[in-house]
Amino acid sequence: MNLRSVWRRAAAAAVAAAFLVAAPSYAEPLPENFSFFGGIPSELTNPNGALPGTNDYSCRPTARHPDPVVLVHGTGGGAQTNWGAYAPLLKNNGYCVFSFTYGALPGAPWPANQIGGTRPLAVSAQQLKAVVERVLSATGAKKVDLIGHSQGTLMPSYYLKRLGGAEKVGRYVSLASLWRGTGGDLGRAASVFVHGLGVRDPYFPVFESIGDMLPGSHFLDDLWSGGSPYVKGVEYTNISTRYDELVLPYTSGQLDGPAGTTVHNIVVQDTCAQDLSDHLAIAGSRRAAYMVLNALDPQHPRAVPCYLVPPFSGA
């Protein structure tokens, strides 16, 4: 070997070493915080911002996780406040992750502009459509996967059924889903009464969305046209808790699909009686989060631990 070859190999090794030293600055795992309230500090310290690991439009999906994940918060939630447990977990597991606030009062100042899910669900679905189109354009992906909580489990179905989203979503994972609405017979009675007056769905000041989520609402009737809120070609996973105090009854979210539709229904207590998750905790607990990972990537299942999950915050 001549001297010139030695120098060339030494230079190449030096460049490689420099790259390896620099690379970990963006590859180090993010701290994971399993609590429903884990995202609130980020909103307080970075108003109108994004959780670490989210909304990186330079992110390129991998062969293992070809679909970017879009997080869809619940009523009163926001891009950061609803997803403190999920943003770092998904990013650490190799996903391109995106989150946004929808349905906030137009023109509201911070922090009111981060209290989302207040508008009619059909209006919010237009915002979801815009986000999905931007994510697909930026990442080059063909589809996204959706993870929703509460209202964020129902609103996206309008996007799929009415706004052309059916071909752009691969997996649709729902936490505290409410396909049949919430409120049971009382909620249906309110809708029937209002319909008898010949006016819109029950109107709630500020939170207009609540009327859409009552059984018998015009929104749900439209969503269920054809016999199901599901669309073919999308794989659904519904994760519910028996102790849900806002989705009543909790079985509203445990819905089988018609022929040709893939649906997985999970109740967290079926595999762990110590799981006391309520409506909020189910979006913050490690148990439910690992179930979500398994729904997104069933080829590489992760063991779901059984332990005491407290209500309200989760863990």
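What counts and what doesn't
- Residues numbered from 1 in each chain as written.
- Predicted model: local features only at pLDDT ≥ 70, side-chain atom pairs only at ≥ 80, totals over all residues.
- Heavy atoms only, no water.
- Phe/Tyr/Trp six-rings, centres within 6.5 Å; stacked < 30°, edge-to-face > 60°.
- Helix = DSSP H or I, 4+ residues; strand = E, 2+ residues; numbered from the N terminus.
- Buried < 20%, exposed > 50% of the residue type's maximum accessible area, 1.4 Å probe, protein only.
- Patch = residues over 30% accessible without salt bridge, like charges linked within 9 Å, V, L, I, M, F, W, Y side chains within 5 Å.
- Areas by Shrake-Rupley, 256 points an atom, 1.4 Å probe, with all protein chains shown as cover.
- Salt bridge = Lys/Arg side-chain N within 4 Å of Asp/Glu carboxyl O.
- Core = buried A, V, L, I, M, F, W, Y, C linked by side-chain atoms within 4.5 Å.
- Pairing = 2+ DSSP bridges.
- Axes fitted to C-alpha atoms, helices over the stretch in contact; angles between N-to-C directions.
- Contact = heavy atoms within 4.5 Å.
- Disulfide = S-S within 2.5 Å.
- pLDDT = per-residue confidence, 0-100.

Peer 1: Report on the packing of aromatic side chains, specifying residues and quantitative values.
Peer 2: A full pass over the atoms with the stated rule returns 12 aromatic pairs. Here tyrosine 57 and phenylalanine 98 contribute two aromatic rings whose centre-to-centre distance is 4.8 Å and whose plane-to-plane angle is 50°, an arrangement assigned as tilted. One end of the pair, tyrosine 57, is in the loop between helix H3 (40–45) and strand E1 (69–72); the other, phenylalanine 98, is in strand E2 (residues 97–99), with 41 residues separating them in the sequence. Overall, tyrosine 57 belongs to the partly exposed group, its relative accessible area being 22%. On the accessibility criterion, phenylalanine 98 (1% relative accessible area) is buried. With 5.1 Å between their ring centres and 75° between their planes, tryptophan 179 and tyrosine 230 make a pair best called edge-to-face. Highlighted residues: tryptophan 179 in the loop between strand E4 (169–175) and helix H7 (184–196) and tyrosine 230 in the loop between helix H9 (218–223) and strand E5 (235–240), separated in sequence by 51 residues.

Peer 1: Tell me about a nonpolar patch on the surface, residues and numbers included.
Peer 2: A cluster of nonpolar residues, Ile40, Leu44 and Trp110, forms a patch on the protein surface that exposes about 270 Å² of accessible area. Tracing the backbone through its elements, the reader meets isoleucine 40 in helix H3. The exposure class of isoleucine 40 is partly exposed, given its relative accessible area of 33%.

Peer 1: Tell me about the nonpolar core, residues and numbers included.
Peer 2: Nonpolar side chains in soluble globular proteins generally cluster together in the buried interior. Counting 38 residues, the largest nonpolar core has Val70, Leu128, Leu154, Leu160 and Tyr236 as the members making the most contacts within it. Those elements that place two or more of their residues in this core are E1, helix H5 (121–139), strand E3 (144–149), helix H6 (151–162), E4 and H9. The leading source of residues in this core is H5, at seven residues. Ranked by size, the runner-up nonpolar core spans 30 residues in total, among them Ala87, Leu280, Ala288 and Ala295.

Peer 1: Give a description of the sheet that holds E2 that names residues and reports values.
Peer 2: With parallel pairing, six strands are arranged side by side in an open sheet as E2-E1-E3-E4-E5-E6. Looking at which strands have only one partner, the edges of the open sheet turn out to be E2 and strand E6 (262–267). Neighbour-to-neighbour, the strand axes of the sheet open up by a mean angle of 15°, direction not taken into account. Of the strand pairs in this sheet, E3 and E4 are connected by five bridges, and their pairing is parallel. Residue glycine 148 lies in a different strand from E4, and its bridge partner there is serine 174. Sitting on the sheet, helix H10 (residues 286–296) touches E1, E3, E4, E5 and E6, and the angle it makes with E4 is about 165°.

Peer 1: Please provide a residue-by-residue account of the state of the cysteines, values included.
Peer 2: Under the definition given, this model contains two disulfides. Residue pairing for cysteine 59: its cysteine sulfur links by disulfide to cysteine 96, the two sulfurs lying 2.0 Å apart. Across the S-S bond linking cysteine 59 and cysteine 96, the dihedral sits near -80°, which makes this disulfide left-handed. Placement of the pair is cysteine 59 in the loop between H3 and E1 and cysteine 96 in the loop between helix H4 (86–92) and E2, with a sequence separation of 37 residues. Disulfides within the chain link the bonded cysteines, taken in sequence order, as 1-2, 3-4.

Peer 1: Outline the confidence of the model for the chain, listing residues and values.
Peer 2: When pLDDT is averaged across the chain, the result is 90; 85% of the residues are at 70 or more. Note that pLDDT drops below 50 for residues 1–26; the model gives that stretch two contacts with residues more than four away or on any other chain.

Peer 1: Tell me about the environment of tyrosine 243, and please be specific about residues and values.
Peer 2: With respect to the element layout, tyrosine 243 can be found in the loop between E5 and E6. In the structure, tyrosine 243 is positioned 26 residues away from glutamine 269 in sequence and 9.2 Å away in space, judged by C-alpha atoms. The residues contacting tyrosine 243, other than those within four sequence positions of it, are Gln269, Asp275, Leu276, Ser277, Asp278 and His279.

Peer 1: Tell me about H10, and name the residues and values.
Peer 2: Spacing of three or four residues puts side chains on the same side of an α-helix, whose turn is 3.6 residues. Most of H10 sits inside the fold, with 10 of its 11 residues counted as buried. All of the buried residues in H10 are Arg287, Ala288, Ala289, Tyr290, Met291, Val292, Leu293, Asn294, Ala295 and Leu296. The inward-facing, buried residues of H10 abut E1, H4, E3, E4, E5 and E6.

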